[in-house]
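The primary structure of each chain is shown beneath.
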4 protein chains.
Amino acid sequence: MIGVGVVGYGYWGPNLVRNLCDIPDARLRWVCDLQVERLAGVRSRYPLVQLTSDFGELLNDPQVDAIVIATPVATHFSLAMQALRAGKHVFVEKPIAASVREAERLVEEADRRGLTLAVDHTFIHTGAVRKMRELIDTSLGQPYYYDSVRINLGLFQHDVNVIWDLAVHDLAIMDYLLPERPVAVSATGMGHIQGEPENIAYITLHFASRLIAHVHVNWLAPVKVRRTLLGGSEKMIVYDDLEPSEKIKLYDKGITLAGPAAPRGEKIRQMMLGYRTGDMTAPRLDTTEALSRELKEFVACIDSATPPIADGQAGLRVVRVLEAATRSLSRQGAMVELKQESVPA
Amino acid sequence: MIGVGVVGYGYWGPNLVRNLCDIPDARLRWVCDLQVERLAGVRSRYPLVQLTSDFGELLNDPQVDAIVIATPVATHFSLAMQALRAGKHVFVEKPIAASVREAERLVEEADRRGLTLAVDHTFIHTGAVRKMRELIDTSLGQPYYYDSVRINLGLFQHDVNVIWDLAVHDLAIMDYLLPERPVAVSATGMGHIQGEPENIAYITLHFASRLIAHVHVNWLAPVKVRRTLLGGSEKMIVYDDLEPSEKIKLYDKGITLAGPAAPRGEKIRQMMLGYRTGDMTAPRLDTTEALSRELKEFVACIDSATPPIADGQAGLRVVRVLEAATRSLSRQGAMVELKQESVPA
Amino acid sequence: MIGVGVVGYGYWGPNLVRNLCDIPDARLRWVCDLQVERLAGVRSRYPLVQLTSDFGELLNDPQVDAIVIATPVATHFSLAMQALRAGKHVFVEKPIAASVREAERLVEEADRRGLTLAVDHTFIHTGAVRKMRELIDTSLGQPYYYDSVRINLGLFQHDVNVIWDLAVHDLAIMDYLLPERPVAVSATGMGHIQGEPENIAYITLHFASRLIAHVHVNWLAPVKVRRTLLGGSEKMIVYDDLEPSEKIKLYDKGITLAGPAAPRGEKIRQMMLGYRTGDMTAPRLDTTEALSRELKEFVACIDSATPPIADGQAGLRVVRVLEAATRSLSRQGAMVELKQESVPA
Amino acid sequence: MIGVGVVGYGYWGPNLVRNLCDIPDARLRWVCDLQVERLAGVRSRYPLVQLTSDFGELLNDPQVDAIVIATPVATHFSLAMQALRAGKHVFVEKPIAASVREAERLVEEADRRGLTLAVDHTFIHTGAVRKMRELIDTSLGQPYYYDSVRINLGLFQHDVNVIWDLAVHDLAIMDYLLPERPVAVSATGMGHIQGEPENIAYITLHFASRLIAHVHVNWLAPVKVRRTLLGGSEKMIVYDDLEPSEKIKLYDKGITLAGPAAPRGEKIRQMMLGYRTGDMTAPRLDTTEALSRELKEFVACIDSATPPIADGQAGLRVVRVLEAATRSLSRQGAMVELKQESVPA
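Residues numbered from 1 in each chain as written. Chains lettered and ligands numbered in written order. Predicted model: local features only at pLDDT ≥ 70, side-chain atom pairs only at ≥ 80, totals over all residues. Heavy atoms only, no water.

Enquirer: Looking at this model, I keep getting lost on the interface of chain A and chain B. Mind explaining?
Expert: A common measure of how large an interface is: the accessible area buried when the components associate. Taken residue by residue, the interface counts 54 residues in chain A and 54 residues in chain B. When the two sides are added together, the surface that chain A and chain B hide from each other amounts to roughly 4900 Å², 69% of it contributed by carbon and sulfur. For the interface between chain A and chain B, the tally reads 0 salt bridges. One can count 21 residue pairs in polar contact (both at pLDDT 80 or more) joining chain A with chain B. The set of elements that each furnish at least two residues to the side of chain A that touches chain B consists of β7 (143-153), β8 (184-190), β9 (200-206), β10 (212-218), β11 (220-232), β12 (236-240), β13 (248-258) and β14 (272-282) of chain A. Among the elements that make up the side of chain A that touches chain B, the one with the highest residue count is β11(A) (7 residues). A class-by-class count of the residues in the side of chain A that touches chain B yields 27 nonpolar, 19 polar and 8 charged. (Contact = heavy atoms within 4.5 Å. Buried area = accessible area lost by both parts, 1.4 Å probe. Salt bridge = Lys/Arg side-chain N within 4 Å of Asp/Glu carboxyl O. Polar contact = N/O pair within 3.5 Å; in protein donor to acceptor, adjacent residues only side chain to side chain. Helix = DSSP H or I, 4+ residues; strand = E, 2+ residues; numbered from the N terminus. Nonpolar A, V, L, I, M, F, W, Y, C, P; charged D, E, K, R; others polar.)

Listed below in structure tokens is the structure:
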């Protein structure tokens, strides 16, 4: 039985608490929030859980094995570091920290202490994204591109730009899905509201191969879109997260190259390009709630001392891209290289 | 009565011929194509039109006042220049020429000779784009962004990349719609088929104001998309060209800034950001065929010696962006500045 | 302050309880369900509410002014009648009862005792349906037709056919929206699963005027559809309840009749029929939760002794059509007349 | 080589002429229309075809083997009968005639003379409908229902109601697709424009088995819909003819019956009803133009003296349902039985 304390009971905290309460191998012991009025909602629903606005109580409770952090990004590092130093396993909301330096220190600390450090990359636990991973492994052929549009009206964040708020999802999904790591990033964007961070951004990820990835994020769009295209040499996928069912469509479409071997000295472009169109299939998806799977995995990883799918290194890789993208944004799209080596254990 | 000769009877030529035959003030005299078998189709449908594979016949016919050019891009300059030098008015398929240098020389030649030079930016003559122009002038407020996705499977061009083939439409639309000219461009992209040009590209246009524009073009997408978002400070537009009707949707949505004037020294971000949502309206659109309007305008401009909406300067501005985008593409997204001054008359 | 007891805590009961707890003028005192394990959920969330499996406790509690009934249809009459006889106001799930005779007796009993009897016709309290009512009153012209498709896969009911389960919603909506009452009904349908009631049905409502209404309900459809067309002489409406926003679209479309007055003896059909197409508008809708509005209205009606919009008479009218439709269904679509006079008070 | 004459060059005639000109084994010899100005369009495009407004010229030309009739319905019988009596094979637009009696006489005449009589049930030659036929034969299980919506704004016909204009397509498709013939029909509807026939109608077809079919047709709808649901015991199909691709979607969905064999005397309803959801597949469809396939089949059937898929008997069966539906419509939905025996040869 893993004793758990949750810090932060704002937008996402209630989902974490609800799911934690349904895990047989976990016992939720504490919920902590600085805004005590939020805690009233916990009391009525979960009368056995202890409530506090003092994070120290969680750190000092020997029955707390793990801390789940759902506070604003700026506080992730401090809270997670305190928890690790108190010997607690840690599960942090995305992004894992507000800078590469912070994320590296968390990874180092967790490694040194042999503690489980997980980041809440929720989407990679959805049936849709796991099905895409399976299709990439079995059907897609060589990945050509990942193109995502993640736009809607609001909610503006005041302290981070739209990349840190929305593109983080795509970076986490790509970190899980793609067989390669990006080697550089270019980003352009704009802030339209005086005094607010960029509310629209376009990010290109460059890879060593011919793979290319692009993410469009926007807080000021008239319609909500959550749509990803994933092209491969054999098949192509459209992933529309707003579809009630049929979120994943697999298209048997592509280019064919035909014709006799080009004579010596001729360019390959003399070959005949053809277009192939076959069936489209929308595979049935596992509809288990992603957060439930994810928290169960976290608890199981603590038990077995194995790393979760989205471990501290994954969180760090995503923050590296976020930081580089923000740097490119300030340089009008100039390419910024990514050093993607892991932190030595 | 304006005598017209058409050169090029491939994909687009038949549409030009059909529409030219319906203009009361024009008389189609010649259709010219190097592939003589194509001309058979003209003979049966338009028995009074003269057919040839010798462009010189059009140049030498004094009853030909204007030449319409619908041949591959690489030939635009040579054919248009010959026509101008023979004293003919010219209407050229988009893009007007294969380079800025070529386009400039055509503009100079037409100016010098007082001839009408028009480029076939078809979309700006559609009911949808004209309605957007009207909405920008009356309702949108300050333009914030133009975001376009123009993707499908095929047809690959072998001699120009996907920017020259597809993004040219968006550049022409923006040249017509937006109150500002771009000052720089960044582009990233990739070619996935060995020996072929880039088949996917992402282009950002930078402006002197907070306006930003972005175009995603792709020849290797599993689905066809033609969708543009146009955000403004007061209203936002979604333009979906694949909708059978309701191509334009005007959203009364946006951000509101509220609250007492910020105390001195305080940042504006302390003001309250709010979200405004009102009705959506899909205005009725004029469904006149764009090409018909456009060719009538060309003929009328010859008669009145006034420049068409899409004149040589417009064609030149679009080619400037195409050339700069291709340069940025080869530099992994590095920003390339645009000099947008007109060619002196 | 109105004291309330809820009986039935299955599918819909939790929504009733949640909304009742948010009404300042109501106090939820009891939740009753025969399946005691269901009550555990109430205890943890609403610790001050009394729980029982004995309905008599609610009837005998003098602090209970009103009873909310969310049990299977077959039990509505018995529970509601007991409540009325105990002097309680009553709010019953749709349909109000399992037969016209039962519904009539409930209406009579409530009238005799001067008690408020309300039926849970939830949809008429949604922003979408209320907007339609407004548009019918102001813009639609003469109503021509109401056509609704309400289909999905499952959930089969075992004791009532698909008409009682799904068409009841449309009948309630029409009872609220349309300026006329139906005078007859025809229905066809089929049961495909041995031993189960009809799972697909088509119902036509006939009116004294040229208005016609039709409802297609189906428990065995591969896709979920909730779409209503409402045609009028001036405008037409599409109401798609599955649209996240823009549930209501108002089309300025129709037929125009033109031409000089037909000469004597000529039929009007010699007049020119034309088609008119204008803008489409999706008006902003009130997004208040319907059930919240409805329960507040119920409480206010008790206080002011005024009838609710969906009173017992409305519930009775809907049951009359349900019963007649089922009779027509068993007669292969033969028209069954409706006597729609109210029960005398 | 089959010599062909076409009579009627209005809405559909040009499509027939264009496709006939592309069939190697046919030679188009005549186009006949009473409105001579229509023939001008034929002359310029097909200079070798003879033009006339005298139908007798086609009948008297010994080089004309077959007559294609694309005139208003009221004239089908007279023209087709004249053609048969002149020894010509006949291809008639749908519906084959304006009454059962007329259709029977055409079938008898063609049979007696050994001539090919075909009716233009175009949809059954589309890739979509042929794929549905294949899926019914291989995957659907026992057919449960056919439900079609075929609605739009205009074009009103003045001499036939909306059933004869639009439902005829669904009746022809069902005649081809379904393994059974309907035994009775019920129909309701309404005419909203004074002096015009019914513009909205709902038709139920009854079968000897549990199969049920329904068609909703409407000339006064704000949106265009062409959508058919086909439910079976194993799979279900959605056929949306307005989808640019993916017109057919096959859903692996349905009901499962589980549980131990019911004890003697127990009803089967005690068994557990379950819901099964698997993949959805949109199969690739043949995109050959239906009319081209159909006319080639007609010509081949003349050559081989074999009946076409849509022969006179098929045309007669469809007219039987049209006539019965119109009768039911005038009786407010009363069921009208269908006698579907073939005309004896």
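Enquirer: So what exactly am I meant to see when it comes to the relation of the copies chain A and chain B here?
Expert: These two copies of the chain differ by a rotation about an axis and a displacement along the same axis. Rotating chain A by 180° about the axis while translating it 0.0 Å along that axis superimposes it on chain B, leaving an RMSD of 0.0 Å. Put plainly, the chains are arranged around a two-fold axis. Taking C-alpha positions as the reference, the residue of chain A nearest the rotation axis is Ala334(A), at 2.4 Å. Taken together, the interface assignments show that 100% of the residues at the interface of chain A recur at the interface of chain B, consistent with an identical surface on both copies. (Least-squares fit on C-alpha atoms with pLDDT ≥ 70 in both.)

Enquirer: I tried to follow the side chain of Asn19(A) on my own but got confused; where do I start?
Expert: All names here are of chain A. Here Asn19 shows up in helix α1 (residues 13-21). Relative accessible area serves as the criterion here: at 4%, Asn19 is assigned to the buried category. A distance of 3.1 Å separates the side chain of Asn19 from the side chain of Glu289, its partner in a polar contact. Contact partners of Asn19, with chain neighbours within four places excluded, come to Glu289, Leu291, Ser292 and Leu295. (Buried < 20%, exposed > 50% of the residue type's maximum accessible area, 1.4 Å probe, protein only.)

Enquirer: Any chance you could explain the packing of aromatic side chains here in plain terms?
Expert: Summed over the entire model, instances satisfying the criterion amount to 8 aromatic pairs over all chains. If you follow Arg150(A) out to its NZ or CZ, it ends over the ring of Phe123(A), 5.0 Å from the centre. (Phe/Tyr/Trp six-rings, centres within 6.5 Å; stacked < 30°, edge-to-face > 60°. Lys NZ or Arg CZ within 6 Å of the ring centre and 35° of its normal.)

Enquirer: I'm lost on the sheet that holds strand β2 (residues 26-32) of chain A in this one. Help?
Expert: Strands pair in a sheet through their backbones, by hydrogen bonds, and they do so in one of two ways: parallel or antiparallel. All names here are of chain A. On the basis of which strands lie adjacent, the open sheet formed by 6 strands has the order β3-β2-β1-β4-β5-β6 and parallel pairing. Edge positions in the sheet fall to β3 (50-52) and β6 (117-120), since each has one partner strand and no second. Neighbour to neighbour, the strand axes of the sheet diverge by 20° on average, direction disregarded. Of the strand pairs in this sheet, strand β1 (residues 2-7) and β2 are connected by 6 bridges, and their pairing is parallel. (Pairing = 2+ DSSP bridges. Axes fitted to C-alpha atoms, helices over the stretch in contact; angles between N-to-C directions.)

Enquirer: Looking at this model, I keep getting lost on the interface of chain A and chain D. Mind explaining?
Expert: At the interface, 10 residues of chain A touch 10 residues of chain D. Each partner contributes to the roughly 900 Å² buried at the junction of chain A and chain D, and carbon and sulfur atoms together form 47% of this total. When the buried surface of chain A facing chain D is broken down by residue, Glu246(A), Met280(A) and Arg284(A) rank first, second and third, together holding 48% of it. Joining chain A to chain D, the criterion identifies 0 salt bridges. There are 8 residue pairs in polar contact (both at pLDDT 80 or more) connecting chain A and chain D. A per-element tally of the side of chain A that touches chain D places β14(A) first, with 6 residues. Tallied by class, the residues present in the side of chain A that touches chain D amount to 4 nonpolar, 3 polar and 3 charged. With 3 bridges connecting them, β14(A) and strand β14 (residues 272-282) of chain D associate as antiparallel partners. Opposite Met280(A), over in β14(D), you have Ala282(D) as the bridge partner.

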